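# Coordinate inspection notes
Single-letter residue listing:
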Amino acid sequence: MASVGPIKVWSVVVSVLGDLMQSADDTLGASQLDALVAPMGINNQALRVAVHRLRNDGWVDTQRQGRRSRYQLTARGWAETERVRPDIYGAAPQPNGKCVFLAVGPPHLAAPDFAAQLPKDSVVLTSRSGLVAGRDGIPLDWLCAPYEDRSMPDWGKAAVVPESLAREYEALRAIVEPLLSLPMPSEGLECAALRLAVLHHWRRLRLRHGALPDLVLGEDWAGARCRLVVLEALSRFARPELSALE
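Residues numbered from 1 in each chain as written. Predicted model: local features only at pLDDT ≥ 70, side-chain atom pairs only at ≥ 80, totals over all residues. Heavy atoms only, no water.

### So, the environment of Gly 77
- Along the chain, the position of Gly 77 falls in helix α4 (residues 75–89).
- Of the residues examined, Gly 77 reaches a relative accessible area of 0% and is grouped as buried.
- Between the C-alpha atoms of Gly 77 and Met 21, which are 56 residues apart in sequence, the distance is 11 Å.
- Once residues lying within four places of it in the same chain are set aside, the contact partners of Gly 77 are Gly 58 and Trp 59. (Helix = DSSP H or I, 4+ residues; strand = E, 2+ residues; numbered from the N terminus. Buried < 20%, exposed > 50% of the residue type's maximum accessible area, 1.4 Å probe, protein only. Contact = heavy atoms within 4.5 Å.)

### Focus on the nonpolar core
- Formed by 64 residues in total, the largest nonpolar core has its most connected members in Val 16, Leu 28, Leu 33 and Leu 131.
- Per-element tally for this core: the top contributor is helix α8 (residues 188–206), with eight residues.
- What Leu 33 contacts, discounting residues up to four positions off in sequence, is Val 13, Val 16, Leu 28, Leu 47, Val 51 and Tyr 71.
- Judged by nonpolar contacts, the second largest core, of nine residues, contains Phe 101, Leu 109, Leu 118 and Ile 138. (Core = buried A, V, L, I, M, F, W, Y, C linked by side-chain atoms within 4.5 Å.)

### Brief notes about the packing of helix α2 (residues 30–37) against helix α3 (residues 44–56)
- The geometry of α2 relative to α3 is characterised by a closest axis approach of 10 Å and an angle of 120 degrees between their N-to-C directions. In terms of axis orientation, α2 runs oblique to α3. Two packed elements cross with a definite hand, and for α2 against α3 that hand is right-handed. Contacts from Leu 33, Asp 34 and Val 37 of α2 reach α3 at Asn 44, Leu 47 and Val 51.
- Tallied by class, residues from the contact of α2 with α3 come to four nonpolar, one polar and one charged. (Axes fitted to C-alpha atoms, helices over the stretch in contact; angles between N-to-C directions. Parallel < 35°, antiparallel > 145°, perpendicular 65-115°, else oblique. Left-handed = near helix turned anticlockwise from the far one by under 90°. Nonpolar A, V, L, I, M, F, W, Y, C, P; charged D, E, K, R; others polar.)

Take a look at the structure:
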């Protein structure tokens, strides 16, 4: 699974805590976290450094119970986790939920300035044109029209989904799909670790972009194909109860 892409330990911890903690009051023991990330090649020292960073960044709180530590998401960590849950676990956004607009900047606007002024969840098509998910943030002096043409040319698809991102999605799908036909792991911890490895790599890719690829390309792109396989895997390797990990 590590061959799918680079692993940043602090990001893995965010994925693990975000998945397992279904309440703002939930906590996870340090030894349990260590056991869950060890199959990803993360040793205890790297884990301690990552948790220290997340604590300094205001994402994680540490509670002491005797000589043992337990981790909990801070209010900020919980809020950010809740904000992205629909992107990680939900189905593809539908075109009728958020329209895509073709935005064209005025002739005097330099290409770097046009790119800098594009709102979030957008992509540059040419030096002064781009696609934007939703109209909010588009300057009033730009030409803005709903984009309804679903027959996107290949060069447009490459702008919306860079080849490097498409390759990573395809690589993840190629690894996860065979797991669906294998026998279920007999050990609960092994099953949980497998789920979390799949989830982390999916989360790492999905949070690189917004809804635009799904809104423009529908099911005709690597991320959509990967989503189907990942969501099936997350259903098969069900989220364990925190109590079962103790």
